[in-house]
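Residue-level listing of the chains:
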Amino acid sequence: MARRRKRGRDITGILLLDKPTDMTSNKALQQAKFLYFAQKAGHTGALDPIATGVLPICFGEGTKFSHFLLNADKKYRVIAKMGQKTTTADREGEVVEEKPVNVTEEELVKVVQQFKGTISQVPSMYSALKKDGVPLYKLARQGIEVEREAREVTIHSIDILRFEDDEFELDVHCSKGTYIRNLVEDMGDELGCGAHVQELRRTAVSHLQLDDCISLAQLETMKQADEKLALDELLLPLEKALHHLPIVELDSDQAYYIRLGQAVQLSGVPQEEEFILKDPEGFLGIGCIDDDGKVAPRRLIKQTS
């Protein structure tokens with residue numbers, strides 16, 4: 001029986017998408033994949049439907065390295081509304097508790113300081129975390145609640161950008177797996193009035209910044225204008241996701257054996273757990289040091305020719 005031919009273009013790279021509000025990350029991914037007519041694509045960590053901002057989309061061979069961005073630190077700008085707690089800890093949920101807001105800026109500063117550093121969070125039932133393969137938010141919509149284990153996350157910094165009436169705005173730099181909704185709700189509890197997320201925007205994933213992102217609307221305009229080359233030029237090389245790793249340069253012979261899955265002897269190799277492998281033609285993938293002290297392949301891109 002003949003193999004089914006894959007549909008779409010075999011393209012590789014990273015698209016920095018500015019996800020629109022009121023859209024799931026998967027829907028944004030599928031639209032970007034459609035606009036590029038790409039065979040394969042994946043995102044690097046879901047944003048809530050109400051959230052906007054940096055959503056790196058990995059095309060083709062880029063999906064092999066998406067975990068580097070998934071595991072990276074993130075930055076967010078969040079507007080919180082005090083005085084109300086909701087079922088989802090954001091504006092989409094039903095209000096379950098209302099209290100008067102009698103909070104001073106000094107009290108907010110004191111509470112914010114409490115959440116810096118390593119903290120423990122219990123994931124929301126409305127998160128994308130899965131239980132037996134089913135996202136928690138799907139169970140929550142059925143009225144099902146399951147036990148969730150607390151997780152440790154790190155809040156590297158929190159800056160108060162604005163405080164007025166019943167709202168405050170924060171700039172948050174945090175580790176992977178941090179739930180901003182939980183952070184805001186926990187702050188509201190400490191303030192004694194409750195709070196939920198009104199607006200949420202991811203401003204950075206690792207070193208990838210919001211200023212370098214493009215919207216779906218802009219992509220659609222370029223697609224309609226048949227600007228295929230310009231669309232492809234938006235894609236970042238895979239090394240952009242791995243900028244924190246050192247680079248090991250291989251000659252053509254060494255690269256040949258690496259591509260065969262064999263380790264090679266090299267001097268002056270970095271002692272990091274992983275590093276970028278490059279040959280005279282460019283990026284090969286990720287390498288590591290094996291038990292014999294040799295450079296071995298860990299994850300490589302496929303050869304195009």
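## Side note on the sheet that holds strand 17 (residues 282–289)
Taken together, four strands build an open sheet; the order of strands is 15-16-17-18 and the sheet is mixed. Each having just a single partner strand, strand 15 (247–249) and strand 18 (295–300) make up the two edges of the open sheet. Put simply, the sheet's adjacent strands are angled 45 degrees from each other on average, direction ignored. Both strand 16 (residues 275–279) and strand 17 contribute to a ladder of five bridges, which runs antiparallel. From the neighbouring strand, Phe275 faces strand 17, where its bridge partner is Gly287. Along the sheet face, helix 8 (residues 252–259) touches strand 15, strand 16, strand 17 and strand 18 and points at about 60 degrees away from the line of strand 18.

## Thoughts on the environment of Lys74
Relative to the helices and strands, Lys74 is located in strand 4 (residues 74–82). Taking the relative accessible area as the measure of exposure, Lys74 reaches 6% and is therefore buried. Sequence separation between Lys74 and Asp166 is 92 residues, and the spatial gap between their C-alpha atoms is 26 Å. Excluding residues that lie within four positions of it along the chain, Lys74 makes contacts with Leu69, Val172, His173, Cys174, Lys176, Arg202, Ala204 and Val205. Reaching out from Lys74, the side chain makes a polar contact with the backbone oxygen of Leu69 at a distance of 3.3 Å.

## Description of a nonpolar patch on the surface
Together, Tyr256, Tyr257 and Leu260 make up an exposed nonpolar region whose accessible area comes to about 340 Å². Relative to the elements of secondary structure, Leu260 occurs in the loop between helix 8 and strand 16.

## A short note on the nonpolar core
Core analysis: the largest hydrophobic core is formed by 29 residues, its most contacted members being Val172, Ile180 and Met187. At the level of secondary structure, the elements contributing two or more residues to this core comprise strand 4, helix 3 (105–114), strand 10 (151–164), strand 11 (167–174), helix 5 (180–191) and strand 12 (195–205). Here the element with the most residues in this core is helix 5; it accounts for five residues. Excluding residues within four positions of it along the chain, Val172 makes contact with Lys74, Lys75, Tyr76, Val78, Ile155, Ser157, Ile158, Ile180 and Leu183.

## A short note on helix 8
The set of residues buried in helix 8 consists of Gln254, Ala255 and Ile258. Across the axial projection of helix 8, the buried residues extend over an arc of 100 degrees, all falling on one side. Facing away from the buried side of helix 8 by more than 90 degrees, the exposed set consists of Ser252, Asp253 and Tyr256. Where the residues of helix 8 are buried, they touch strand 15, strand 16, strand 17 and strand 18. Between the side-chain oxygen of the N-cap and the backbone nitrogen of Asp253 there are 3.1 Å, and the N-cap of helix 8 in question is Asp251. One or two positions beyond helix 8, positive phi appears at Gly261, with a value near 90 degrees.

## Brief notes about the side chain of Thr86
Note that Thr86 resides in strand 5 (residues 84–86). When its relative accessible area of 4% is taken as the criterion, Thr86 is described as buried. A distance of 2.9 Å separates a polar side-chain atom of Thr86 from the backbone nitrogen of Ala89. In terms of polar contacts, Thr86 uses its side chain to reach the backbone carbonyl oxygen of Asp90, at 2.8 Å. For Thr86, the contacting residues outside a window of four places in its chain are Gly93, Glu94, Val95, Val96, Glu185 and His196.

Cut-offs and rules
- Residues numbered from 1 in each chain as written.
- Predicted model: local features only at pLDDT ≥ 70, side-chain atom pairs only at ≥ 80, totals over all residues.
- Heavy atoms only, no water.
- Pairing = 2+ DSSP bridges.
- Helix = DSSP H or I, 4+ residues; strand = E, 2+ residues; numbered from the N terminus.
- Axes fitted to C-alpha atoms, helices over the stretch in contact; angles between N-to-C directions.
- Contact = heavy atoms within 4.5 Å.
- Buried < 20%, exposed > 50% of the residue type's maximum accessible area, 1.4 Å probe, protein only.
- Polar contact = N/O pair within 3.5 Å; in protein donor to acceptor, adjacent residues only side chain to side chain.
- Patch = residues over 30% accessible without salt bridge, like charges linked within 9 Å, V, L, I, M, F, W, Y side chains within 5 Å.
- Areas by Shrake-Rupley, 256 points an atom, 1.4 Å probe, with all protein chains shown as cover.
- Salt bridge = Lys/Arg side-chain N within 4 Å of Asp/Glu carboxyl O.
- Core = buried A, V, L, I, M, F, W, Y, C linked by side-chain atoms within 4.5 Å.
- Arc of directions from axis to C-beta.

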